[in-house]
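Structural overview
Residue strings, one per chain:
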Amino acid sequence: MAETKIFARLKADHDRHRKLLDQIDATRGDSDDREKLFEAFRVEVTAHAASEEMSLYATILADPDLREDAQHSVSEHKEIDDLLTELYEMDFASTGWLTRFRTMKHRYLHHIDEEEEEMFPAAEKELSDARKKELIRIFEKEKPKEKAKAAAEEPSSEEARD
């Protein structure tokens, strides 16, 4: 069904993110896999969030009926990004890393559950089929660019730059 393609695509990304989160959670502190899996997750989620904001959120922020949910989700993107930066800067082998990772995992799972259960159904009802087709086109065009950008940049916190 063409009208659900954008939402199916976003959910497919979420499913990949869930799998990566579980794989990371299963690693041991002294494992080389932890850092590699985390980096794959960080790049993927960063690109997903940016592309989602450029496509779906840019549209629904303009809709008074959907704006509040979109603003909430954008603020959660920022919160997850901050947690990813914090984790990136920590010692991957430490027990503190895994504890902080699980906090981020919990917040991210909450975020994508809210999107899938509340925001996506509401947006699907409000948006025209033509607009949904345009959103998937924008998302598919932007995500590879955002993924390359995220892979090329090291995350850094505001404090580290000061």
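These numbers were taken from a predicted model, which means no experiment stands behind them. (Residues numbered from 1 in each chain as written. Predicted model: local features only at pLDDT ≥ 70, side-chain atom pairs only at ≥ 80, totals over all residues. Heavy atoms only, no water.)

Things to note about the overall build of the protein
Helices and strands together make up the secondary structure of the protein, namely six helices and zero strands. Traced from its N-terminal end to its C-terminal end, the protein shows the element sequence α-α-α-α-α-α. Rg of the C-alpha trace for the protein: 16 Å, near the compact-globule value of 15 Å for 162 residues, within the 12% margin. Considering only C-alpha atoms, the protein reaches an extent of 50 × 35 × 25 Å along its principal axes. Considering the protein as a whole, with its 162 residues, one finds that 42% of them fall into the buried category. Pairs at least 24 apart in sequence give 80% of the contacts found in the protein among residues at least 6 apart. Of the accessible surface of the protein, which amounts to about 8700 Å², a share of 50% is contributed by carbon and sulfur atoms. Computing the positive centroid from 27 side-chain charges and the negative centroid from 42, the protein places the two 5 Å apart. (Helix = DSSP H or I, 4+ residues; strand = E, 2+ residues; numbered from the N terminus. Rg over C-alpha atoms; globule rule 2.2 N^0.38 Å. Buried < 20%, exposed > 50% of the residue type's maximum accessible area, 1.4 Å probe, protein only. Contact = heavy atoms within 4.5 Å. Areas by Shrake-Rupley, 256 points an atom, 1.4 Å probe, with all protein chains shown as cover. Lys, Arg positive; Asp, Glu negative; His and termini not counted. Charge placed at Lys NZ, Arg CZ, Asp CG, Glu CD.)

What about the nonpolar core?
A general feature of soluble globular proteins is that nonpolar side chains tend to end up buried together. Ranked by internal contacts, the top residues of the largest apolar core, which has 17 residues, are Phe38, Phe41, Leu84, Trp97, Phe101, Met104 and Tyr108. Elements represented by at least two residues in this core include exactly helix H1 (5-25), helix H2 (32-60), helix H3 (67-89) and helix H4 (95-126). Per element, the largest residue contribution to this core is six residues, and it comes from H4. For Phe101, the residues in contact, after removing those within four places along its chain, are Leu21, Ile24, Asp25 and Leu87. (Core = buried A, V, L, I, M, F, W, Y, C linked by side-chain atoms within 4.5 Å.)

Some details on the confidence of the model for the protein
Overall, the predicted model of the protein reaches an average pLDDT of 91, with 93% of residues at or above 70. Mean pLDDT across the elements of the protein bottoms out in helix H6 (residues 158-161) (42) and peaks in H1 (97). (pLDDT = per-residue confidence, 0-100.)

Focus: a negative patch on the surface
Taken together, the side chains of Glu68, Asp69, Glu117 and Glu118 make up a negatively charged region of the molecular surface. Those elements that provide at least two residues to the negative patch are H3 and H4. In this fold, Asp69 is placed in helix H3. With relative accessibility at 34%, the residue Asp69 sits in the partly exposed group. (Patch = residues over 30% accessible without salt bridge, like charges linked within 9 Å, V, L, I, M, F, W, Y side chains within 5 Å. Salt bridge = Lys/Arg side-chain N within 4 Å of Asp/Glu carboxyl O.)

Focus on the packing of H2 against H4
For any two helices packed against each other, one specifies the crossing angle of their axes together with the interaxial distance. Packing of H2 against H4 brings their axes to within 13 Å, and their N-to-C directions diverge by 30°. The orientation of H2 relative to H4 falls into the category roughly parallel. Once H2 is placed against H4, the crossing between them reads as left-handed. Residues Arg34, Phe38, Phe41, Val45, His48, Glu52, Leu56, Tyr57 and Ile60 of H2 lie in contact with H4, whose contacting residues are Trp97, Leu98, Met104, Tyr108, His111, Glu115, Met119, Phe120 and Ala123. (Axes fitted to C-alpha atoms, helices over the stretch in contact; angles between N-to-C directions. Parallel < 35°, antiparallel > 145°, perpendicular 65-115°, else oblique. Left-handed = near helix turned anticlockwise from the far one by under 90°.)

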